[in-house]
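Listed here are the chains, written in short residue letters.
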Amino acid sequence: MSDVVGEVASVEGDEKPALATTKQFCVYEATSEELIERSMAPIKKEFLCPPPSRSLKQSDAADVKAPHPSLVQEKKSKRQLKRERREKCAVNLCSQVLRTEDVNSCQYKEKCRFNHDIEAFKAQKPDDIEGQCPFVSSGMKCQYGLSCRFFGTHKDVSDGEPNSEVNFFNKETQRLLWKNNMTFVKADAKLKSLGLLGHAKKSNVAEENDADKPHNGSQATDDVDIPGPLETEEVRPMKKAKSEDNDSSKLGDITDGVNVEDETEKNGHSTSKSKIEDEDSIKVVETDGSLKSHPREKKKLIDFRDKLYLAPLTTVGNLPFRRLCKVLGADVTCGEMAMCTNLLQGQASEWALLRRHSSEDLFGVQICGSFPDTVSRAVELIDRECTVDFIDINMGCPIDMVVNKSAGSALLNKPLRMKNIVEVSSSIVETPITIKVRTAFFEGKNRIDSIISDIGNWGATAVTIHGRSRQQRYSKSADWDYIYKCTKNASPNLQVIGNGDVYSYLDWNKHKSDCPELSSCMIARGALIKPWIFTEIKEQRHWDITSGERLNILKDFVRFGLQHWGSDTKGVETTRHFLLEWLSYTFRYIPVGLLDVIPQQINWRPPSYFGRDDLETLMMSESAGDWVRISELLLGKVPEGFTFAPKHKSNAYDRAENG
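Rules used throughout
- Residues numbered from 1 in each chain as written.
- Predicted model: local features only at pLDDT ≥ 70, side-chain atom pairs only at ≥ 80, totals over all residues.
- Heavy atoms only, no water.
- UniProt positions renumbered as here; feature names shortened; annotations may be inferred.
- Salt bridge = Lys/Arg side-chain N within 4 Å of Asp/Glu carboxyl O.
- Helix = DSSP H or I, 4+ residues; strand = E, 2+ residues; numbered from the N terminus.
- Buried < 20%, exposed > 50% of the residue type's maximum accessible area, 1.4 Å probe, protein only.
- Pairing = 2+ DSSP bridges.
- Right-handed = clockwise from strand over helix to strand, strands pointing away.
- Arc of directions from axis to C-beta.
- Contact = heavy atoms within 4.5 Å.

The chain carries the name tRNA-dihydrouridine(47) synthase [NAD(P)(+)] in an unreviewed UniProt entry, which gives Eruca vesicaria subsp. sativa as its organism. Note on the chain: under the UniProt heading Sequence similarities (unreviewed entry), the record states "Belongs to the dus family. Dus3 subfamily." A UniProt comment under Cofactor (unreviewed entry) is attached to the chain, and it reads "FMN".

Take a look at the structure:
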């Protein structure tokens, strides 16, 4: 480890690796107060890098900007890269032999179209990674067998504990979604009663399946300015009309388990034409809980007050990262945002976002959709298929791809549609429904305060308010005064959670003391940069964490990642990818012992500085090449031709410029 770190130090500088050197002379002369006014971190003078001479800086820049032409690699498509990986793996070993390590375990014997030569497979397999198999270390039997990159540690392994993850996607459910045979009895009945039944899957409601009626009729009636193309994008249109007398494809009771088996589909809750024609009979057929007089009465099942809430985070907020945050003190976790359209189309990659680990004792999923029919059907399906404690509906996502489909923060301009989505979703399931919003769509035109008093009456259990508008994205500071105002205007039955720029236990304490009515604070980027923020809040201290302790946290993430994505070559590289995505945030952390003023603010940008040891200096580097070196400490050397570009910024790694 020290050899790798020492090599990096010698590449970046002589003894103290340097990062950016912008306005270095000003930093040396400025006071801490002046630096803070410029949103620069007040680093202690002894840790600031000496400014290089102008001549050296110009020559170094010339060297960096002129890499050798022969080192520049041609960009390849994903299909081409996949084909090259298959060509490298000359021996395509039978999956049964891979798992059992026994050539006689394959039921097809010599008729199997896959290879059974174990020795040939071992000869072309990459070298094992140093360390112990993550499954074996946890007392489980590794399901990847010979393909595991830690195969040498598979000695004297018992069956161990079963898989600790739940919410796996049922193949039968996927088949029904692919064929448009899935029924949504509760959602469609409620949509019909409110006059919101949309264009998609009218066969789910058996009262009208006329051959001359188009399947892509008008969408919800709450907005008259919805363009046609957006409707067709939101829900996959039917291929052809489906008959309604096939009871075998209909699901019955809602269960607490992950999968709904065929037996539960045939328990007598058939949706005949006569029952669908009579809406009252639909309500009686369902469980007694659906007969409650008001949706608010069944939304008291979860209490967010004073709980540390890890925000749903795209890409980095995966299951291994959430497991890590649970170890470090998080109370509430939520899965990555899933699009309702993709869920209803049966996309396995989207359903994987709903996966839950057994350590997540208070867990929710977040979904995003444009129309009441799409969202309510997704809610009913999730409630039927998955084990979750709450379902969060995203109404604040600022991403253009989402907003252009009238979802996310675009719903802030359509409060009536927001109401319809929440009302329908909360009335058809017992699972609490929460929503996440921003202050407004346009900066300076706040709107949430005008509807906050009504959200509780719609049936929502809680609302999370991000103190920025969609136009702001993540610029400027979150407006907590506006969050306080909305909290005080909210109805007593609605829990309000604040979100934005919580980066230390002092921030948490301030928001809770300034507004006692606030139920809790959601932590997003603060957890990405330093996930031990949950420990700091619970222990009420600034943790001056060492580089060794940070490396142990990275090791835990890698172990969780290999258990989730697999310990074979594909799983190792997937774990590496998400580790690098996370490292593109963690480098922003400035150790407490290096600061003149604590705590660090989330918007501070550091001058050029170095750490207390080589590993700490490596971890604070903003070079993607250094992030790759950290990943090599944990997961071995990267494969030939490896490249990396973080999703949220243009900084990237390639072998030509970063070695």
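There's more to say after this.
A. Region of interest: the pattern of salt bridges. The full count for this structure, using the stated rule, is 25 salt bridges. Taking the shortest distance from any N to any O, the salt bridge between glutamate 380 and arginine 384 comes out at 2.9 Å. Here the residue glutamate 380 and the residue arginine 384 both occupy positions in helix α18 (residues 372-385), the gap between them amounting to four residues, near one helical turn. You can call glutamate 380 buried: its relative accessible area is 3%. Close ionic contact of arginine 612 with aspartate 544 constitutes a salt bridge, the shortest N to O distance being 3.1 Å. Here arginine 612, found in the loop between α27 (569-586) and α28 (614-619), pairs with aspartate 544, found in the loop between α25 (533-539) and α26 (547-565); they are 68 residues apart in sequence, far enough to count as distant. With a relative accessible area of 31%, aspartate 544 lands in the partly exposed category.

B. The pairing of strand β7 (residues 433-438), seen in detail. Within β7, six of the six residues are buried, leaving the element largely enclosed by the surrounding structure. The alternating pattern of β7 places Ile433, Ile435 and Val437 on one face and Thr434, Lys436 and Arg438 on the opposite face, and all of these are buried. Across five bridges, strand β6 (residues 390-395) lies against β7 in parallel orientation. Each bridged residue has a counterpart across the sheet, and for asparagine 394 the counterpart in β7 is lysine 436. Crossover connection from β7 via helix α21 (residues 448-458) to parallel strand β8 (residues 462-466): handedness right-handed.

C. Structural view of α21. What α21 keeps buried is the set Ile448, Ile451, Ile452, Ile455, Gly456 and Trp458. Projected down its long axis, α21 carries its buried residues within an arc of 155 degrees, all on one side. Contact partners of the buried residues in α21: α20 (415-428), β7, β8 and α22 (480-489). In the stretch just after α21, glycine 459 is the one whose phi turns positive, near 120 degrees.

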